[in-house]
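Close look at the chain arrangement
Each chain is listed here by its residues.
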Amino acid sequence: MPRLSEVIAALETLWPAERAESWDAVGTVAGDPDQQVTRVLFAVDPVQEIVDESVKLGADLLVTHHPLYLRGTTTVAATHFKGRVVHTLIKNDIALHVAHTNADTADPGVSDALAGALDLRVTGPLVPDPTDPAGRRGLGRLCALDHPVTVRELAARAAERLPATAQGIRVAGDPEALVRTVAVSGGSGDGLFDQVRAAGVDAFLTADLRHHPVSEARAHSPLALLDAAHWATEWPWCELAASQLDEISDRHGWDLRVHVSKTVTDPWTAHAASPPSDPLGAPN
């Protein structure tokens, strides 16, 4: 059985901490480097529900995409929900490791997993990493479809292939427009409109799209926008990351048991559809 330090070293080869954004908080949050690891759980969010699942599973290591402490803190008291997470981890000898923006830009990374879930063929990064001479790392991915589909069909595919959430998939643009090329970015993506327009793709699928950036993007071009739940666009990475660790475990003879949490931690829990629109417009 490997020690935690050995498993973390292997994870760092996949997602080196130095490739994270300067504002990010990645790496090992809790855990004894000398503790043995036999079971690992991957999840998007380091919330209490996921930590409790780790305890029930008997995991020694929890790997999440989102950081527990993105900003500094002065306390881990259990009177606060993040403090309770830390206390639960330590009491149950569970380590926590975070791969966030260093997993976003990895090859393969978060957006590769998102593209794979939608059967899109990746042709390159949306925002290339200038430190990668091979031109494969970077933020977001540019993708092609094997045959054109409508925006409506692409949205339906996303709704079917990504984990179900209360939000589903929102669309801005002509639902019947044909799509041959797509940009995808797991997580919040409305800061990438300039790069998406420069790429000349037909559609952009991401999460957390806001009113004003979307309105301005639609005024610039006929680009179709597909807005999925943040959690749903990043969850496919958990399966990709788990398979990567499985391969490393097999290579080293570690016999790790690697799991992916199916627990939905998207914060939105319900959706009420609007009635058919009134031809007279919105109410005053």
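Now for a description of the structure that goes with this document. (Residues numbered from 1 in each chain as written. Predicted model: local features only at pLDDT ≥ 70, side-chain atom pairs only at ≥ 80, totals over all residues. Heavy atoms only, no water.)

**Quick look at the side chain of Ser111**
- The residue Ser111 is located in helix α5 (residues 110-117) in this model.
- Classification of Ser111 by relative accessible area gives buried; the value is 2%.
- Only 3.2 Å separates the side chain of Ser111 from the backbone nitrogen of Gly186, close enough to count as a polar contact.
- Those residues in contact with Ser111 that lie beyond four places of it in its chain are Gly140, Arg141, Val184, Ser185 and Gly186. (Helix = DSSP H or I, 4+ residues; strand = E, 2+ residues; numbered from the N terminus. Buried < 20%, exposed > 50% of the residue type's maximum accessible area, 1.4 Å probe, protein only. Polar contact = N/O pair within 3.5 Å; in protein donor to acceptor, adjacent residues only side chain to side chain. Contact = heavy atoms within 4.5 Å.)

**Examining the sheet that holds strand β6 (residues 138-150)**
- The six strands are arranged β5-β6-β8-β9-β10-β7 in an open sheet whose pairing can be described as mixed. Pairing within the sheet leaves two strands with one partner each, and these edge strands are β5 (121-128) and β7 (170-172). Strand-to-strand twist in this sheet, taken as the mean axis angle between neighbours without regard to direction, amounts to 25 degrees.
- Strands β6, β7, β8 (178-188), β9 (203-207) and β10 (224-228) of the sheet are contacted by helix α6 (residues 151-161), whose axis makes an angle of about 120 degrees with β6.
- Of the strands in this sheet, β8, β9 and β10 touch helix α9 (residues 230-252), which is tilted by about 90 degrees from β8. (Pairing = 2+ DSSP bridges. Axes fitted to C-alpha atoms, helices over the stretch in contact; angles between N-to-C directions.)

**Looking at the layout of surface pockets**
- Looking at the largest pocket, its volume works out to about 470 Å³.
- If you go around the largest pocket, you meet 24 residues; those closest to its centre are Glu21, Thr101, Asp104, Thr105 and Leu139.
- Mapped by element, the contributors of at least two residues to the lining of the largest pocket are α4 (101-104), β5, β6, β8 and α9.
- The element that contributes the greatest number of residues to the lining of the largest pocket is β8, accounting for four residues.
- Looking at side-chain class alone, the lining of the largest pocket contains six nonpolar, 12 polar and six charged residues.
- In this structure, the second largest pocket spans a volume of roughly 310 Å³.
- Around the second largest pocket sit 15 residues that line it, and Asp208, His230, Asp266, Pro267 and Trp268 are the ones nearest its centre. (1 Å grid on protein atoms, 1.4 Å probe; cavity = no way out; pocket = protein on both sides within 12 Å on 5 of 7 lines; lining within 4 Å. Points joined across faces, edges and corners; volume = space filled by probe spheres on them. Nonpolar A, V, L, I, M, F, W, Y, C, P; charged D, E, K, R; others polar.)

**A look at the pattern of salt bridges**
- Evaluated as defined, the whole model comprises 13 salt bridges.
- Put simply, Arg3 and Glu6 hold a salt bridge, and the shortest N to O gap is 3.9 Å.
- Overall, Glu6 belongs to the partly exposed group, its relative accessible area being 33%.
- Between Arg161 and Asp119 there is a salt bridge whose closest N-O contact spans 2.9 Å. Taken as a pair, Arg161 in helix α6 and Asp119 in the loop between α5 and β5 lie far apart in primary sequence, 42 residues in all.
- Note on Arg161: relative accessible area 37%, which makes it partly exposed.
- Each of Arg3, Glu6 and Asp34 takes part in a single network of salt bridges with overlapping partners. (Salt bridge = Lys/Arg side-chain N within 4 Å of Asp/Glu carboxyl O.)

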